[in-house]
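# Survey of secondary and tertiary structure
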4 protein chains.
Amino acid sequence: MNLTNRKTIHIEWGDCDPAQIVHYPRYLAYFDACTTALFKKAGLSKRQMLKTYQIVGIPMVDLRASFKAPSRFSDTVIVESEITEWRRSSFCVRHRLLNKNVLAVECFEIRVWAVTSEADPERIESKPVPREVIEMFSVGNNRSPAHQKSRRNKQ
Amino acid sequence: MNLTNRKTIHIEWGDCDPAQIVHYPRYLAYFDACTTALFKKAGLSKRQMLKTYQIVGIPMVDLRASFKAPSRFSDTVIVESEITEWRRSSFCVRHRLLNKNVLAVECFEIRVWAVTSEADPERIESKPVPREVIEMFSVGNNRSPAHQKSRRNKQ
Amino acid sequence: MNLTNRKTIHIEWGDCDPAQIVHYPRYLAYFDACTTALFKKAGLSKRQMLKTYQIVGIPMVDLRASFKAPSRFSDTVIVESEITEWRRSSFCVRHRLLNKNVLAVECFEIRVWAVTSEADPERIESKPVPREVIEMFSVGNNRSPAHQKSRRNKQ
Amino acid sequence: MNLTNRKTIHIEWGDCDPAQIVHYPRYLAYFDACTTALFKKAGLSKRQMLKTYQIVGIPMVDLRASFKAPSRFSDTVIVESEITEWRRSSFCVRHRLLNKNVLAVECFEIRVWAVTSEADPERIESKPVPREVIEMFSVGNNRSPAHQKSRRNKQ
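If you're wondering where the values come from, they're calculated on a predicted model, not measured in any experiment.

## Re the overall build of chain A
- Scanning chain A from N- to C-terminus turns up four helices and seven strands.
- Start at the N end of chain A and walk to the C end: the helices and strands fall as β-α-α-β-β-β-β-β-β-α-α.
- Counting the 155 residues in chain A, one finds 43% classified as buried.
- Counted over contacts in chain A with a minimum sequence separation of 6, partners at least 24 positions apart contribute 65%.

What follows is the structure, encoded as structure tokens:
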């Protein structure tokens, strides 16, 4: 089973445009924060994760979003996030934003596990996602250091 | 033939994240400005368009973007934008962001021609795109007031 | 005594710039949300407040901020906010952002109680702040509807 | 005499809030871009400047802004920027945003010339601004490589 995170977001005045609804790039910023929160729930704070695994980040390579209903400032919404697929050096994340229990925005991300190129520090390259990272997203494993340790010992 | 707009964008420090590359929600903000610029090239300033046609905007309903190469602060990029399809009350826009002549980001938008619902001022409804708006995007028509005038007279 | 609000903010990756610290315009966006939260604590949700008092907002007219220490993604900070002065049609707000109990940013805002001009709908005018709004910020008054009602009855 | 830069900015839909005016944190993002453009006019592209002088940026330490008149999407504004004072390791920038020749926003920044602390890579320290950087802002010097070279040779 996949680890799921639910994040509550208060829609701010400054997130909305002259049509009085959330300006859609702000949804993408929300979802970026939701992906960060999902990793944190798995035990991986973003700052710590970058240090531990010597990555520059988990940049987006492909993004799809459908906006089904608008949200407005002073609304409080819930975003449910989960990783739907792990590939070799990339992974897929799904976010579902619910406003008053109605699915208002759905977003699918493909991100890569990225490092600075050794050949050219201005370039970014993908790298295989470490197995231990993937395992932290299996429900039952997260926030259970003792269990994780024993599993690692078996490898 | 479709009207195309080319917009030059200077990547700002504040558009970039700790990985030193553009934070992807900012690309979507760029593309929103590019759609606005495309309408302006067709003769429709956004403010004037909202007044003339009594719409609240042209909100996004579906978005796809693929990020092929990163861009960085101090880069100057070009975005080519065009409307690829007109539907009844929606339309499709394609943006291609080029950095040093390489396609770095591609984005497909579906937007609706939107008005405030008469039944409920908190709701937004789509409405058929006026034929004269669509015609302004046919190359040959734009920025040719005399021609447009004669065409309108014939209707 | 003044009503004070404390808001916890998680610093996001997308709020930070290539120097790996919060890009300062994002602090101003945080503080805008903190002013909104302070009004909400007083009993005034922004959306409801705009409807009740027929205002277009509480736009900024003067802003001062000093940035004493940087904050970084994955930091969790606290912002303490209070209204330090009520003037006829404007008011002063102070925000103090604390990172690990150290004052990292201090911000002073002057905002106006604003309505659309009747003469010109494109203009915005200030208007006296209603006495009942000001009273909601006196500690002891907030979130005490019965008390507020009796006070209002006496006027 | 001080070098001055004039930057034309098109106000975007996404820069405006539900009151249909620019959301003030966006003005600060504009001014950050204007400071970058002023340095570029002096001959210092931000990316190149960071490499040449091994700095992490020119972060803000103090900010004052007064908002005298609102601007709206589809407005085109001009920002005039200049450095008003050089101190040892900091400097003052003034921005004046003009909308239809009227001063709409005025902003005063104090920024520091900043490097990563050698003792603690998570800390940022200020450092004296190099004399040659300051000289590039004296009118008559900028964009005159031959002259700059002869001046450097004399040092």
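## With respect to the environment of V139 of chain D
Residue and element names in this part refer to chain D.
- Among the secondary structure elements, V139 is positioned in the loop between α3 (131–135) and α4 (145–154).
- Overall, the presence of 11 C-beta atoms within 10 Å leaves V139 in the exposed class.
- Linking V139 and A114, residues 25 residues apart in sequence, is a C-alpha distance of 25 Å.
- Beyond its immediate sequence surroundings of up to four residues, V139 is in contact with M1, N2 and L3.

## Quick notes on the packing of helix α1 (residues 24–41) of chain C against helix α1 (residues 24–41) of chain D
- Here α1 of chain C crosses α1 of chain D at 175°, and the two axes come no closer than 8 Å. One element, α1 of chain C, and the other, α1 of chain D, form an angle in the roughly antiparallel class. When α1 of chain C is examined against α1 of chain D, the residues Y24, P25, L28, A29 and D32 of chain C are found in contact with a partner set consisting of Y24, P25, L28, A29 and D32 of chain D.
- Looking at the contact of α1 of chain C with α1 of chain D, its residues break down into eight nonpolar, no polar and two charged.

## So, the interface of chain B and chain D
- At the junction of the two partners, chain B supplies 13 residues and chain D supplies 13 residues.
- Elements with a minimum of two residues in the side of chain B that touches chain D: α1 (24–41) and α2 (46–53) of chain B.
- Of all the elements, α1 of chain B adds the most residues to the side of chain B that touches chain D, at four residues.
- Class assignment of the residues belonging to the side of chain B that touches chain D gives a composition of four nonpolar, four polar and five charged.

## Concerning the pairing of strand β5 (residues 102–112) of chain D
Residues and elements named next belong to chain D.
- For strand β2 (residues 60–67) and β5, the ladder comprises seven bridges, and the chain directions are antiparallel. Its bridge partner being in β5, R64 is matched across the sheet by F108.
- As defined by bridge partners, strand β4 (residues 90–99) adjoins β5 across 10 bridges and the pair is classed as antiparallel. Residue pairing in the sheet places V93 in a bridge with E109 of β5.
- In sequence, β4 turns back onto β5 through a hairpin of two residues, with K100 there showing a positive phi of about 50°.

## Regarding the relation of the copies chain B and chain D
- Each copy of the sequence occupies a distinct position, and chain B is placed on chain D by a rotation of 180° and an axial shift of 0.0 Å, giving an RMSD of 0.0 Å. Classification of the inter-copy transformation places it as that of a two-fold axis. Scanning chain B for the C-alpha nearest the rotation axis identifies I9 of chain B, at a separation of 5.7 Å.

## Here we look at the sheet that holds strand β5 (residues 102–112) of chain A
- Strand order in the open sheet made by the 10 strands is β1(A)-β3(A)-β4(A)-β5(A)-β2(A)-β2(B)-β5(B)-β4(B)-β3(B)-β1(B), with antiparallel pairing throughout. Across the chains shown, the open sheet's two edge strands, defined by having one partner strand only, are β1 (4–10) of chain A together with β1 (4–10) of chain B. Averaged over all adjacent pairs, the angle separating strand axes in this sheet is 20°, with direction ignored.
- The strands touched by helix α1 (residues 24–41) of chain A are β1, β2 (60–67), β3 (76–86), β4 (90–99) and β5 of chain A together with β2 (60–67) of chain B; relative to β1 of chain A, the strand with the most contacts, the crossing angle is about 140°.
- The strands touched by α1 of chain B are β2 of chain A together with β1, β2, β3 (76–86), β4 (90–99) and β5 (102–112) of chain B; relative to β1 of chain B, the strand with the most contacts, the crossing angle is about 140°.

## A few points about unusual backbone geometry
- Look at K100 of chain B: it is not a glycine, yet its phi comes out positive at around 55°.
- Phi is positive for Q20 of chain D, which is not a glycine, with a value near 70°.
- Structurally, Q20 of chain D is set in the loop between β1 (4–10) and α1.
- Note on Q20 of chain D: 22 C-beta atoms within 10 Å, which makes it buried.

## Description of α1 of chain D
Residues and elements named next belong to chain D.
- Spanning 18 residues, α1 covers 26 Å between terminal C-alpha atoms, matching the ideal 26 Å at 1.5 Å per step.
- A large share of α1 lies buried, amounting to 15 of its 18 residues.
- Following α1 by one or two positions, G43 has its phi on the positive side, about 105°.

## Quick word on the relation of the copies chain A and chain B
- Superposing chain A onto chain B requires a rotation of 180° together with a translation of 0.0 Å along the rotation axis, leaving an RMSD of 0.0 Å.
- Take the interface residues of chain A: 100% of them recur as interface residues in chain B, which is what a same-surface contact looks like.

## Examining the confidence of the model for chain A
- Residues of chain A with pLDDT of at least 70 account for 90%, and the chain-wide mean is 91.
- Low confidence marks residues 144–155 of chain A, where pLDDT is under 50. Its contacts with residues over four positions away, or in another chain, come to four contacts.

## Details of the interface of chain A and chain B
- The interface is formed by 20 residues belonging to chain A together with 20 residues belonging to chain B.
- For the side of chain A that touches chain B, the secondary-structure elements that each account for two or more residues are α1 and β2 of chain A.
- Of the residues forming the side of chain A that touches chain B, the biggest block, eight residues, is contributed by β2 of chain A.
- A per-class count over the side of chain A that touches chain B returns 15 nonpolar, two polar and three charged.

## Remarks on the sheet that holds β5 of chain D
- Read from one edge to the other, the open sheet built from 10 strands follows the order β1(C)-β3(C)-β4(C)-β5(C)-β2(C)-β2(D)-β5(D)-β4(D)-β3(D)-β1(D), with strand pairing classed as antiparallel. Since the sheet does not close on itself, it has two edges, and those belong to β1 (4–10) of chain C together with β1 of chain D, each with one partner. Ignoring strand direction, the axes of neighbouring strands in this sheet form an average angle of 20°.
- Pairing of strand β3 (residues 76–86) of chain C with strand β4 (residues 90–99) of chain C, which is carried by eight bridges, proceeds in the antiparallel orientation.

## Concerning the environment of V102 of chain D
- Within the secondary structure, V102 of chain D is located in strand β5.
- Residues V102 of chain D and A69 of chain D lie 33 residues apart in sequence; the distance between their C-alpha atoms is 8.5 Å.

## Let's talk about the environment of R6 of chain A
Residues and elements named next belong to chain A.
- Note that R6 resides in strand β1.
- In this structure R6 comes out as partly exposed when scored by C-beta crowding, with 14 C-beta atoms within 10 Å.
- Considered as a pair, R6 and V79 are 73 residues apart in the sequence and their alpha carbons are 5.5 Å apart.
- Among all residues touching R6, those that are not within four sequence positions of it are I78 and E80.

Procedures and definitions
Residues numbered from 1 in each chain as written. Chains lettered and ligands numbered in written order. Predicted model: local features only at pLDDT ≥ 70, side-chain atom pairs only at ≥ 80, totals over all residues. Helix = DSSP H or I, 4+ residues; strand = E, 2+ residues; numbered from the N terminus. Buried ≥ 20, exposed ≤ 12 C-beta atoms within 10 Å, placed from the backbone. Contact = placed C-beta atoms within 7 Å. Axes fitted to C-alpha atoms, helices over the stretch in contact; angles between N-to-C directions. Parallel < 35°, antiparallel > 145°, perpendicular 65-115°, else oblique. Nonpolar A, V, L, I, M, F, W, Y, C, P; charged D, E, K, R; others polar. Pairing = 2+ DSSP bridges. Least-squares fit on C-alpha atoms with pLDDT ≥ 70 in both. Expected span 1.5 Å × (residues − 1). pLDDT = per-residue confidence, 0-100.

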